[in-house]
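What the coordinates show
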Amino acid sequence: MSGAAIVLMWEARAVEGRGGELLEWARAHSAELSREPARRELLRAPQDRVLVMTWWPDASYGDDLPELPEPDAALITRAVHRWRFEAVG
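Small disclaimer: the values here were computed from a predicted structure and weren't measured.

The next thing to look at is the packing of aromatic side chains. How two aromatic rings sit relative to each other is given by the distance of their centres and the angle of their planes. For the structure on display, the rule yields 1 aromatic pair. Where Trp10 meets Trp25, the ring centres are 5.8 Å apart and the plane angle is 20 degrees; that geometry is what we call stacked. You can see Trp10 sitting in strand β1 (residues 4-13) and its partner Trp25 sitting in helix α1 (residues 19-30), a full 15 residues away along the chain. Judged on exposure class, the residue Trp10 and its partner Trp25 are both buried. Taking NZ or CZ as reference, Arg39 lies 3.9 Å from the ring centre of Trp55, over its face.

Of all hydrophobic cores here, the largest spans 19 residues; its most connected members are Trp10, Leu22, Trp25, Ala26, Val50 and Leu68. Going through the elements one at a time, β1, α1 and β3 (49-59) are the ones with two or more residues in this core. In this structure Leu68 touches Trp10, Trp25, Ala26, His29, Ser30, Leu33, Val52 and Arg82, once residues within four positions along its chain are discounted. Counting residues in hydrophobic clusters, the runner-up holds 5 residues, among them Val7, Met9, Met53 and Trp55.

With that settled, the discussion passes to the environment of Pro66. Looking at where Pro66 falls in the secondary structure, it is placed in the loop between β3 and β4 (81-86). Sequence separation of Pro66 and Glu32 is 34 residues, and the distance between their C-alpha atoms is 9.7 Å. Not counting residues up to four positions away in its chain, the partners in contact with Pro66 are Leu8, Leu33, Ser34, Arg35 and Trp56.

Before going further, it helps to spend a moment on the pattern of salt bridges. Under the counting rule described, the total for this entry stands at 8 salt bridges. A salt bridge links Glu21 to Arg18, with the nearest nitrogen and oxygen atoms 2.8 Å apart. Residue Glu21 is classed as partly exposed on the basis of its relative accessible area of 42%. Residue classification places Arg18 among the partly exposed positions, given a relative accessible area of 27%.

Parameters at a glance
Residues numbered from 1 in each chain as written. Predicted model: local features only at pLDDT ≥ 70, side-chain atom pairs only at ≥ 80, totals over all residues. Heavy atoms only, no water. Phe/Tyr/Trp six-rings, centres within 6.5 Å; stacked < 30°, edge-to-face > 60°. Helix = DSSP H or I, 4+ residues; strand = E, 2+ residues; numbered from the N terminus. Buried < 20%, exposed > 50% of the residue type's maximum accessible area, 1.4 Å probe, protein only. Lys NZ or Arg CZ within 6 Å of the ring centre and 35° of its normal. Core = buried A, V, L, I, M, F, W, Y, C linked by side-chain atoms within 4.5 Å. Contact = heavy atoms within 4.5 Å. Salt bridge = Lys/Arg side-chain N within 4 Å of Asp/Glu carboxyl O.

Encoded structure:
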């Protein structure tokens, strides 16, 4: 899968009532990645969930790409979910 854009998705669920704090944590940490993605989106959903998507052009599925870390365990209700997708036109 070389030459495609790889999209990394990072999703976490905050402790009830702390969704805004988790969103700000994700915003700050996504701005501190070791490389700048071509595109970045931050989204939120009910149940204090936060999703971060980053686009990496000309990447391969198995490439070592910068990802957000796990937040402090006191901020989230479960482990972070991570997925990799290949963008299709």
